[in-house]
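Overview (structure and organization)
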Amino acid sequence: MDFFKPMGGTPEEPKGESKELEVKEHHKCLILGSGPAGYTAAIYAARANLKPVMYTGMQMGGQLTTTTEVDNFPGYPEGTDGTAMMEDLKKQAERFGTEVRFGMATGVDFSGKVKKVIIDDNTLITADSVILATGATAKYLGLESEEKYKGFGVSACATCDGFFYKDKVVAVVGGGDTAAEEATYLAGICKKVYLIVRRDELRASKAMQKRVFNTGNIEVLWKHQTKELYGEHVVQGVELWKNKGEANEETVKYDIDGFFLAIGHTPNSDVFKEYLDTDEVGYVQTIPGSAKTNVPGVFACGDLQDNTYRQAVTAAGSGCMAALDAERYLGEQE
């Protein structure tokens, strides 16, 4: 949906598909997306007196709210609940003056010095600077049982949740570098790791393949596809198709305690792609060592621009960078 396509003139006032929108309000700093990156950016921006306004996106708190336990974020010696942690960050941002609102960006125009953003298809806001923290969405197989057991045996982050499966049996789905890396990481923690591969070969690099094949407690299940997960309250097993579509097709079951998705992430960048440089997957490209994008006044942080680490603590750090970069940018404009 292109809200900012000129309709017979210059797009001084962006128009929607059926009506013209008037600017509702203007801000120094607008933050799109919540989670560790967005909330940390808000804390720093608010303390710098930028009076930030945040729109949280449809999932307030981001991906971490789907994680039941967070044990690897500094400052929580006993661990914490993902939702509770995000609520703590939200309260801290609000304490310093951030105005947190529920809503998501559905259109943008970053062509001018003043940035224009449409919220929920109907509210036009302008800003001197915009911090993007819209994150990325893990890809799932689309099984009903995945949703049922999310946070109860189903995870899309081995480094986040692997510790909880120490000395247990887990399965990893995927055949690329991410799957190979997560399988070998889990193999150092878990008793047994099944790597479920749809094809009869791995797509991972030769180096990663070698690591998998040289790890004794990883068993590769070639030409297997996930049919269903089962268990009482938590994941207790997985049912797989073996040789699906072939004459010797059969179903097999494995007892497991955890099920890890490693089939990729989709960065939530579609609405920005007309203006921002992205890689082939859609991750927003930032200038190395900063949160600056190719558009002055627009900054990106968190999983929206990080396809390597994807951790809460690195997201928070990049949120800090984005706010500091925004503060410096605004100072230079005065």
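Refer to the preceding data block for the structure.
Residues numbered from 1 in each chain as written. Predicted model: local features only at pLDDT ≥ 70, side-chain atom pairs only at ≥ 80, totals over all residues. Heavy atoms only, no water.

**Observations regarding the packing of aromatic side chains**
The following threshold applies: Centre distance within 6.5 Å is the pairing criterion for rings of Phe, Tyr and Trp, where only the six-membered ring of Trp is used; planes under 30 degrees apart are then read as stacked, over 60 as edge-to-face, and the remainder as tilted. Secondary structure elements follow DSSP: runs of H or I no shorter than four residues count as helices, runs of E no shorter than two count as strands, and numbering proceeds from the N terminus. Remark: exposure states derive from per-residue accessible area (1.4 Å probe, protein chains only) relative to the maximum for the residue type, with buried under 20%, exposed over 50%, and partly exposed in between. Our definition puts a charge over a ring when NZ of Lys or CZ of Arg is within 6 Å of the ring centre and also within 35 degrees of the ring normal.
By the definition in use, this model includes eight aromatic pairs. Here Tyr194 and Tyr254 contribute two aromatic rings whose centre-to-centre distance is 4.7 Å and whose plane-to-plane angle is 55°, an arrangement assigned as tilted. Taken together, the residues Tyr194 in strand β10 (residues 192-196) and Tyr254 in strand β14 (residues 250-255) connect sequence positions 60 residues apart. With 6.0 Å between their ring centres and 70° between their planes, Phe299 and Tyr329 make a pair best called edge-to-face. Here the residue Phe299 occupies a position in strand β17 (residues 298-300), and Tyr329 occupies one in helix α7 (residues 312-333), the gap between them amounting to 30 residues. With relative accessibility at 3%, the residue Phe299 sits in the buried group. On the basis of relative accessibility, which here comes to 12%, the residue Tyr329 falls in the buried class. Put simply, the rings of Phe110, Phe272 and Tyr275 touch in pairs and so form one group of aromatic residues. When the ring centre of Tyr140 is taken as reference, the NZ or CZ atom of Lys150 above it lies at 4.4 Å. The cationic tip of Lys253 hangs over the ring face of Tyr230; the distance from NZ or CZ to the ring centre is 5.2 Å.

**Considering the pairing of strand β1 (residues 23-32)**
Inclusion rule: Pairs of strands are assigned from DSSP output, requiring at least two bridges between the strands. Look down the strands so they point away from you; if the path from the first strand over the helix to the second goes clockwise, the crossover is right-handed.
Bridging between β1 and strand β6 (residues 123-132) involves eight bridges; their strand directions are parallel. Bridging across to β6, Leu30 finds its partner in Val130. Pairing of β1 with strand β2 (residues 53-55) involves three bridges; the strand directions are parallel. By the bridge assignment, Ile31 is partnered in β2 with Met54. For the handedness criterion, the β-α-β arrangement of β1, helix α1 (residues 35-47) and β2 is classed as right-handed.

**Comments concerning the environment of Phe152**
Relative to the elements of secondary structure, Phe152 occurs in the loop between α3 (144-148) and β8 (154-155). Looking at Phe152, the relative accessible area reads 43%, which means it is partly exposed. Separated by 81 residues in sequence, Phe152 and His233 have C-alpha atoms that sit 7.4 Å apart.

**Description of the sheet that holds β14**
Counted only if it meets this: Axes here refer to lines fitted to C-alpha atoms; in helices the fit is confined to the stretch in contact. Angles between the N-to-C directions go from 0 to 180 degrees.
Ordered by their spatial adjacency, three strands build an open sheet running β12-β13-β14, and the pairing between neighbours is antiparallel. Across the chains shown, the open sheet's two edge strands, defined by having one partner strand only, are β12 (224-230) and β14. Pairwise comparison of adjacent strand axes, ignoring direction, gives a mean angle of 30° for this sheet. Sheet topology note: the β12/strand β13 (residues 237-242) ladder contains six bridges and is antiparallel. Looking at β13, one finds that His224 is bridged to Lys242.

**Some words on the packing of α1 against α7**
Which entries qualify depends on this criterion: Note on convention: the crossing is left-handed when the near helix lies turned anticlockwise from the far helix by less than a right angle, right-handed when the turn is clockwise. Whether two residues touch is decided by their heavy atoms; if any such pair falls within 4.5 Å, the residues are in contact. Residues are grouped as follows: nonpolar covers Ala, Val, Leu, Ile, Met, Phe, Trp, Tyr, Cys and Pro; charged covers Asp, Glu, Lys and Arg; every other residue, Gly included, is treated as polar.
Direction vectors running N to C along α1 and α7 enclose 35°, while the axes themselves pass 7 Å from each other. For α1 against α7, the interelement crossing comes out right-handed. Seen from α1, the contacting residues are Pro36, Ala37, Thr40, Ala41, Tyr44 and Ala45; seen from α7, they are Ala312, Ala315, Ala316, Ser318, Gly319, Cys320, Ala323 and Leu324. Considered class by class, the residues forming the contact of α1 with α7 number 11 nonpolar, three polar and no charged.

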